[in-house]
Structures are given as C-alpha cells and as structure tokens.
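If you want the building blocks of each chain, they are given just below.
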Amino acid sequence: MTPEDYSELIAELTPTAHPETVAAREAIGRTLRVDLVAQRSLPAFPTSAMDGFALDGAALQDARGGGAVPVIGDVPAGHDAPALRPGTAVRVMTGAPIPTGTEAVVPVEFTNAQATGGPPRSIRVSSLPEEVAKGWNIRAVGEDITAGDVVIAAGSRLSAAGVGTLAMLGIDEIAVDRAPRIGVIVTGDELRTTGTEAAGPLILNSNLPMLASMIAAEGSDVIEATCSDDSGELRGILGEMRRVADLVITTGGISAGAFEVVRQTLDGEHSRFLRLGLRPGAPQGHGRFGDLPLLHLPGTPQGAFIGFHLFARSLMNGQVLRTRWKKGLFAGPELAHHPKAVTLRPGAFTDTGEIRAADRARLPNFAAAEAIIRIPRGTGRLSPGSVIDYLEC
Ligand SMILES: Nc1nc2c(c(=O)[nH]1)N[C@H]1C(S)=C(S)[C@@H](COP(=O)(O)OP(=O)(O)OC[C@H]3O[C@@H](n4cnc5c(N)ncnc54)[C@H](O)[C@@H]3O)O[C@H]1N2
Ligand code: MOO
C-alpha cells in the first residue's frame, strides 16, 4: 500500500475537535469555529489617506487657478474635524477624520506648505493631476471592511494578520477549536532517559522528546508516557489516556519480533498492523481503544519521525497526505528508485531554491533537513532537474 492510500484509510481517525472560547490575543494558530462576521464597518468614519489639506470644491477650483486657499483648522489623527466653509482648507493628517464638505485631500507635497510645524494661514497648490475625482485621498466608510462581511471563514487557522483584524474590529474573545491533546506512548524495555542509565544494550529514548516537540510545534498539547514491554501496563496507560487524549500515538513494538507489546496487546481487538510500500517507516498500525483513535508508529527514530510527518500530521490537520505534497526541483545526487516502495530522503534547499538530497535517511540526517523528499517507486533513477514531491519539515 502507498503512504497516500494509507493516509486515506486512516482518515476516519481524525480527532474530534472541541470548542473553547479564548482571548483573541491568544488565538494565533487556532481554528475558528464560526464565521467571523464584522459587526462594524472600517474605516468607521471617512478618513484621510494622506498628510495634506482637505479642500472643498470651491477651494479646489481656486487652487487650480493659482489662488491662495485659507487654512481654517488643523486635525491630527484622533481629533474631531471642523466643517469646511466654502473656499477653505483644513490641514489633515493620515488617519484623521475628514471635515464635512471636503471634496478631496491634497497631499502636502502638492502644496507650498511645510510638512512640519504649525498649520500655514493659507496654501497654494503647486501641481494637481488633470482630474481630481471626488473623494481623492479619502478612505470611505467601509472601504476595508463592511459590517456584515465574513472577514475570516470558519475552519481557517488564525494568522497574525487575523489577530490584528480581530483587534481592529474590537473583538476580545473568539470561539476556536481547543488545542488537540495528543498522547504519546513510547514502548520498549530497553529505553532509558539519561546517559548514565543507558549503559550496555540499553537505548536512550529519543522518540518521546522528538514527538513531543513536533506536537508542541503544531500548537497541540502533549501527554507523555513511557511503557515497558508489558501488556498490562500498556492497557493501563491507554485507559488513562482515554480520559484525557483526543488521539494517541505509540512508537515501537509493532513489527515481527517476539516482544512486540503494542501489536500483541492490540492486534485484532483494537488495532490493525500492516507493512506499507515505504522506506523508512514500513511497519504501521492504527485502531481505536474504545473511541480513542490510535496511531502506531515504528520504533526506529527515523520511522517514528517519518510516521509523524506523514500520518500523524495529516490526522491532526484533517488533510490527507495526497494533498499535502509540494512540488520542487531535484538538485541531485542521482538516486535509484526502489522497485516496491516509496523512499523518503532528507532534503535541503540550495541557494537557487532546488532541493538536494542527503545520502542517508537515518534520524541524524533529518536533523539538518528542511524537506522530506518523496522518491516514487520504480525501476529507473531519479535525476537532477526532475520535479519531485516534498514536505517541509
Ligand atoms: N523480522 C522483521 N523485523 C523487522 C521488520 C520486519 O518487517 N520483519 N521491520 C523492520 C523495520 S522497517 C522497522 S522500522 C522496525 C520497527 O520495529 P518496531 O516498531 O517493532 O520497533 P521496536 O522493535 O520496538 O524498535 C525498533 C528500534 O527502535 C528503537 N527504539 C524504539 N523506541 C525508541 C525510542 N523511544 N527512542 C529511541 N529508540 C527507540 C529500538 O531500541 C530498536 O532499536 O522493525 C524492523 N524489524
Ligand atoms: O522502514 Mo523501518 O521504518 O526501516 O526504518
């Protein structure tokens, strides 16, 4: 089975989203639950788009004819504007309200006025475009947002510009999906946490900090557990996770060995295990413990890394793998296709934006990678200049 088909097979394990209301300032990266409908128009009042002078129609005509136009007021942003009398001007700053009666705003550079200091008593206009449309350099009410507009659609992830837009609209709180809670259970009697413990045939546990970091980077909460090769212990941890997690990822214990705790505990009753046409990351599994979705990744650090990027990330973002690959240009070195499996390699961008493959695909090779390169299965070779699929990592 290809990794893309597998991602579709397990898509029904996508964790259910739960609602919560958060402060708009804290909402970056969160998914909006409902359409954000503007309750007000912006600008809320006609606003000057330039530092300059607001002139009425008569004043514009005088100015065009070379006459001096008296300046009867001065409006910094944030202050009320006086009304224009016929044939007069008011100095206005960018963002200031427009005096009633204004035909257009003439930028200060088009006049004989100094840009700084107090307002002049009168101005002369040195140059004007042939045609000055009514409303020139005036931002009309609702030009940016009109009350009733859907500004951000439900299901979108809130960006920093989105946070700013909420603030523009005076929205302090917003309904979002609460951060998914992802359980990680690493398995294996051989795992140890510190260097002093990991003597002889014991192994330092790299999957837990690696997966926890990737989950945190997605904006999800992580619940960590380490499990021995004991079925009772695994069942106990899963029972606990069922109460708190939206999705559980396990690593290790799923291939063909004699002590495969995940497989032996869950196969048939809760989960299914299979080998994909994928290197690294061939052994995979998935299932449910009650209603808790389970994703079983291989124990090898590169297998767990790849499994997370391809399958866990797809579930967490509700996007199947097929739609997630990006297109890039391969910079080499030439690589042989695998006849039975999609192979993945660490990749890094060259100065010209092409992607160069590393020669091995162990976890340390992925440490310096910017991309995971997909090499389709086949019998030939992938040569430089080919279009390739990749995921950012
Ligand atoms: N007879 C077969 N043997 C294996 C097959 C196979 O098809 N037939 N597949 C191989 C492939 S490919 C992979 S990948 C591994 C997957 O094995 P498991 O998922 O069962 O993982 P373990 O055996 O528990 O561990 C494999 C390896 O990774 C180390 N490990 C495990 N957890 C961690 C951790 N948290 N941090 C660091 N390292 C970890 C573990 O010590 C083992 O060295 O199976 C192959 N074998
Ligand atoms: O396919 Mo395993 O994942 O060799 O590393």
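Keep in mind that this is a model prediction, so the values were computed, not measured.

(A) Here's a closer look at the overall build of the protein chain. Per the secondary structure count, the protein chain includes eight helices and 27 strands. For 393 residues, the compact-globule formula gives about 21 Å, and the C-alpha radius of gyration of the protein chain, at 31 Å, lies well above that figure. By the burial criterion, 46% of the 393 residues in the protein chain qualify as buried. Contacts in the protein chain between residues at least 24 apart in sequence constitute 69% of all its contacts with a sequence separation of at least 6. By element, 51% of the accessible surface of the protein chain is carried by carbon and sulfur atoms, the whole surface being about 18900 Å².

(B) Summary view of the UniProt feature "domain: MoaB/Mog" (unreviewed entry) in the protein chain. Mapped onto this structure's residue numbering, the UniProt feature "domain: MoaB/Mog" (unreviewed entry) falls at residues 183-318. The distance from the first to the last C-alpha atom of residues 183-318 is 17 Å, and the span holds 35% helix and 30% strand.

(C) Spatial organisation of the site of ligand 2. Surrounding ligand 2, one finds Pro280, Gly281, Ala282, Thr300, Gln302 and Gly303. Within the backbone of glycine 281, one N or O atom sits 2.5 Å away from an oxygen atom of ligand 2. The contact in question runs from an oxygen atom of ligand 2 to an N or O atom on the side chain of threonine 300, over 3.3 Å. Within the shell around ligand 2, the residues separate by chemical class into two nonpolar, four polar and no charged.

(D) Quick peek at the site of ligand 1. Around ligand 1, a shell composed of 21 residues is seen, among which Glu190, Ile254, Ser255, Arg275 and Gly299 lie nearest. In the model, an oxygen atom of ligand 1 is placed 2.8 Å from a nitrogen or oxygen of the isoleucine 254 main chain. The contact in question runs from an oxygen atom of ligand 1 to an N or O atom on the side chain of serine 255, over 3.0 Å. Compared with its free state, where it exposes 880 Å², ligand 1 has 68% of that area covered by protein. The residue inventory of the shell around ligand 1, partitioned by class, reads nine nonpolar, nine polar and three charged.

(E) Seen up close, unusual backbone geometry. That bond from leucine 42 to proline 43 is cis: its omega, -5°, falls within 30 degrees of zero. Within the fold, proline 43 resides in the loop between strand E2 (36-37) and strand E3 (47-48). At the junction of glycine 332 and proline 333, the peptide bond is cis and its omega measures out at -5° in the coordinates. Mapped onto the elements, proline 333 comes out in the loop between strand E21 (326-332) and strand E22 (335-336). With phi around 65°, asparagine 137 is a residue other than glycine that occupies positive phi space. Among the secondary structure elements, asparagine 137 is positioned in the loop between strand E8 (122-123) and strand E9 (138-139).

(F) Spatial organisation of the nonpolar core. In this structure, Ile249, Leu295, Phe308 and Phe311 are the most contacted members of the largest nonpolar core, which totals 38 residues. For this core, the leading source of residues is helix H7 (residues 301-317), giving nine residues. If you count residues domain by domain, this core takes at least three from each of domain 1 (3-15 + 179-321) and domain 4 (326-392). Once residues within four sequence positions are removed from consideration, leucine 295 is found in contact with Tyr6, Ile10, Val248, Ile249, Thr250, Gly285, Phe311, Ala312 and Leu315. Membership of the second largest hydrophobic core comes to 17 residues, among which are Ile185, Met241, Val248 and Leu294.

(G) Geometry of the pattern of salt bridges. Per the stated rule, a full pass over the model turns up 18 salt bridges. The partner of glutamate 20 in a salt bridge is arginine 30, with the nearest N and O atoms 2.9 Å apart. Here glutamate 20 is found in strand E1 (residues 19-23), whereas its partner arginine 30 is found in the loop between E1 and E2, with 10 residues between them in sequence. On the basis of relative accessible area, glutamate 20 is assigned to the partly exposed category, the value being 29%. Given the relative accessible area of 17%, arginine 30 is considered buried. Residue glutamate 240 is joined to arginine 243 by a salt bridge in which the shortest nitrogen-to-oxygen separation is 3.0 Å. Of the two residues, glutamate 240 and arginine 243 are both situated in helix H5 (residues 231-244); the distance of three residues between them amounts to about one turn of the helix. When its relative accessible area of 46% is taken as the criterion, glutamate 240 is described as partly exposed. Note on arginine 243: relative accessible area 63%, which makes it exposed. A cluster of three or more residues bridged by salt bridges with shared partners is formed by Asp5, Glu8 and Arg322.

What counts and what doesn't
Residues numbered from 1 in each chain as written. Chains lettered and ligands numbered in written order. Predicted model: local features only at pLDDT ≥ 70, side-chain atom pairs only at ≥ 80, totals over all residues. Heavy atoms only, no water. Helix = DSSP H or I, 4+ residues; strand = E, 2+ residues; numbered from the N terminus. Rg over C-alpha atoms; globule rule 2.2 N^0.38 Å. Buried < 20%, exposed > 50% of the residue type's maximum accessible area, 1.4 Å probe, protein only. Contact = heavy atoms within 4.5 Å. Areas by Shrake-Rupley, 256 points an atom, 1.4 Å probe, with all protein chains shown as cover. UniProt positions renumbered as here; feature names shortened; annotations may be inferred. Near = heavy atom within 4 Å. Polar contact = N/O pair within 3.5 Å; in protein donor to acceptor, adjacent residues only side chain to side chain. Nonpolar A, V, L, I, M, F, W, Y, C, P; charged D, E, K, R; others polar. Core = buried A, V, L, I, M, F, W, Y, C linked by side-chain atoms within 4.5 Å. Domains from an automatic or database assignment. Salt bridge = Lys/Arg side-chain N within 4 Å of Asp/Glu carboxyl O.

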